[in-house]
Amino acid sequence: MNSQIFGNKKSIIETKSHISYGRTVKMIFVYLLLIIISIFFLMPLVWMISTSLKPLNELYSVTPHFIPKNIMWSNYKDAVNSIPFFVYLRNTLIYAVVATFGVTVSSFIVAYGFSKIDWKGREFLFFVLLMTMMLPPQVTMIPVYIIFKHLGWVNSLRPLIIPSFFGSPFYIFLTRQFMLTIPNEFCDSARIDGANEWQILWKIMAPMCRPIVWTIIVFNIVGTWNDFMGPLIYLNDESKYTLSLGLQQFMGAHSTLWNELMAASVLTTIPMIILFFFSQKTMLEGITLSGGIKQ
Amino acid sequence: MISMKSKKLTKYDIKNIKRGLFFISPWLIGFMVFTIYPFIASLIYSFSVYNGVTASKFVGLKNYIQLFQDPKFYTALYNTFYYAIIAVPLGIVLGVLVALLLNQPIKFLSFFRTAIYIPVIVPTVAVSILWIWLLNPEVGLINWLLSLFGIKGPGWLADPKWSKMALILMAQWGIGQSVLIYLSGLKNVPKELYESADIDGANGFTKFFHITLPMITPLILYNLIMGVIGSLQYFTQAYVMTNGGPMNSTLFYALYLFQNAFQFLSFGYASAMAWILFIIIAIIVYILLKTSARWVFYGGQ
């Protein structure tokens, strides 16, 4: 045993200089790869911005160039005027804000029922909830459309917003997992003091659940901003379109005005970039939570 | 069903059940209206001819028989599986490799991490439009990059042989989400494992294949299942970029389903397609989970 340890120590010291040389080479290699990868991921975005600022005659030049000879800020003005951009923006904001409010509050309430109240049948119903996450939306989307048709809600944002007030299985799951990490003593002592469950939920659990609530808010805003199939199915009038649908329709009508198309795309993307920079920490934490990783 | 063990329900039990049901009632109601009812209704639709306006007509298995004789059905299945089988494993391999790079002791981790993740938050329609432009055979950036290496780029979205590959390539731009998940998993691997391996004289490859890789197999399984389910529902990009063309080479299953439902107004036919998709997904997930025991490593061993 002893000689083994001493033998290793000697060889470690001898090879230290070899290790540090090998390590340097390895790290150069790593940085090189990361730089190339970063270029691959960022270049399309740079190209998008670059194209958005070009005049039409520079779009099809033989050798692509990143910096336009004539920077056309007017492309943005034209894009905003060609389509009812602010109408689309308003619709998207209504959808994002109201649906996110609905899903956050409802998922929060439901998660409490699945975590902090001990009742027979709880685990069975939670298992059912988990199973629904595997269901492809195509199976339910047609009858749901028919329901909304009979309600007269087609061609409005209602079919997109109302269902969120019934909670989302994924967010319920995340919130429940989060609540389970909160010790039961907090709720139990409040129960002893005579508080009812509703009071406990809002006065004790809510402040402690801020991190997961913010995560859900950020995720859902991105999800609704992005939603295309929902608006495609339910919105018929241009005045009701969201940005995702409006942008696609814009391309259908002006498929060769790439500079204006890119400008419109940039405008649709900027709010998400701003959201990302303000909520980076929340977003990154949320991703690891959704991957099921213990913190 | 709900298993009642031996004792009867006490008053306290019933009180708690009422409380529990009250709190989960938003989900429970939504579940019955938006999940259970449509689940059963779509099965019934699949046995009917229905256009959403006039009354539906029961036709038994006619929709299913028609589907199995529909060449586009098989084209859609082929396209969807082609995409899933290539894009998902490729995304996993690249995702793990990039995460390994980010896991190294590097400076500027924030910058690299942000650069890789930003494409994920660009709205899908914007991504689609951008990549149509990037993949333009004559003036697109992709073919220009290839020409720098002396390669003449293909027609991508205009070429039936390359259109799916174009979409698979575009999909890799969005691996940032899974990279971050793998990175967290890598950081959670206990350092002691690596240290004792070092003492035993293990080299880099051994450490990777015997410690690192096994420890992140649960995450790989998660991304594999979510990736397969997601790719079998691939819709937006196909609708926006190619609408199934050229020559149905990008007619994905979810797109053909959508066309049957909302363009041809054949709700019965589309519902039959939906149920077949459901069964396919169920079988695949079952197989993935069953075979996962052989290669997924759960901590504690």
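Residues numbered from 1 in each chain as written. Chains lettered and ligands numbered in written order. Predicted model: local features only at pLDDT ≥ 70, side-chain atom pairs only at ≥ 80, totals over all residues.

Another aspect to go through is the interface of chain A and chain B. The interface of chain A with chain B comprises 72 residues on the first partner and 71 residues on the second. When residues of the side of chain A that touches chain B are assigned to their parent elements, the largest contribution, 14 residues, is made by helix α1 (residues 2–52) of chain A. Class assignment for the residues of the side of chain A that touches chain B results in 48 nonpolar, 19 polar and 5 charged. (Contact = placed C-beta atoms within 7 Å. Helix = DSSP H or I, 4+ residues; strand = E, 2+ residues; numbered from the N terminus. Nonpolar A, V, L, I, M, F, W, Y, C, P; charged D, E, K, R; others polar.)

A common measure of how large an interface is: the accessible area buried when the components associate. All names here are of chain A. Here the domain parsing of chain A yields domain 1 (2–52) and domain 2 (74–290). Distance from the C-alpha centre of domain 1 to the C-alpha centre of domain 2: 40 Å. Of the residues lining the interface, 4 residues belong to domain 1; the matching set on domain 2 comes to 7 residues. Each residue belonging to the side of domain 1 that touches domain 2 can be placed in one class, and the counts come to 2 nonpolar, 2 polar and no charged. (Domains from an automatic or database assignment.)

Turning next to the environment of B:P218. Residues and elements named next belong to chain B. Relative to the elements of secondary structure, P218 occurs in helix α10 (residues 204–231). On the neighbour-count criterion, P218 (18 C-beta atoms within 10 Å) is partly exposed. Counting along the chain gives 27 residues from P218 to K191, while the straight-line C-alpha distance between them is 18 Å. Beyond its immediate sequence surroundings of up to four residues, P218 is in contact with V296 and Y298. (Buried ≥ 20, exposed ≤ 12 C-beta atoms within 10 Å, placed from the backbone.)

We now examine helix α6 (residues 141–148) of chain B. Regarding α6(B), the residues found buried are B:L141, B:I142 and B:N143. Among the residues trailing α6(B), B:G150 stands out with phi positive, at a value near 80°.

Our focus in this paragraph is unusual backbone geometry. Residue and element names in this part refer to chain B. With an omega dihedral of -10°, the bond running from G245 to P246 counts as a cis peptide bond. A positive phi angle, close to 45°, is found at W156, a residue other than glycine. Looking at the element boundaries, W156 is found in the loop between α6 and α7 (163–172). Backbone geometry places L265, a non-glycine residue, at a positive phi of 55°.

Residues and elements named next belong to chain B. Where helix α12 (residues 253–263) contacts helix α13 (residues 267–295), the two axes come as close as 7 Å, and the packing angle between them is 155°. When the interaxial angle is binned, α12 and α13 end up roughly antiparallel. Once α12 is placed against α13, the crossing between them reads as left-handed. For the pair formed by α12 and α13, the contact residues are Y253, L257, N260 and A261 on the first element and F267, Y269, A270, M273, A274 and L277 on the second. For the contact of α12 with α13, the class distribution of residues is 9 nonpolar, 1 polar and no charged. (Axes fitted to C-alpha atoms, helices over the stretch in contact; angles between N-to-C directions. Parallel < 35°, antiparallel > 145°, perpendicular 65-115°, else oblique. Left-handed = near helix turned anticlockwise from the far one by under 90°.)

Another point: the packing of helix α12 (residues 243–253) of chain A against helix α5 (residues 124–134) of chain B. Where α12(A) contacts α5(B), the two axes come as close as 9 Å, and the packing angle between them is 25°. Regarding the angle of α12(A) to α5(B), the classification is roughly parallel. Of the residues in α5(B), those in contact with A:S244, A:L247, A:Q248 and A:M251 of α12(A) are B:V125, B:A126 and B:I129. Looking at the contact of α12(A) with α5(B), its residues break down into 5 nonpolar, 2 polar and no charged.

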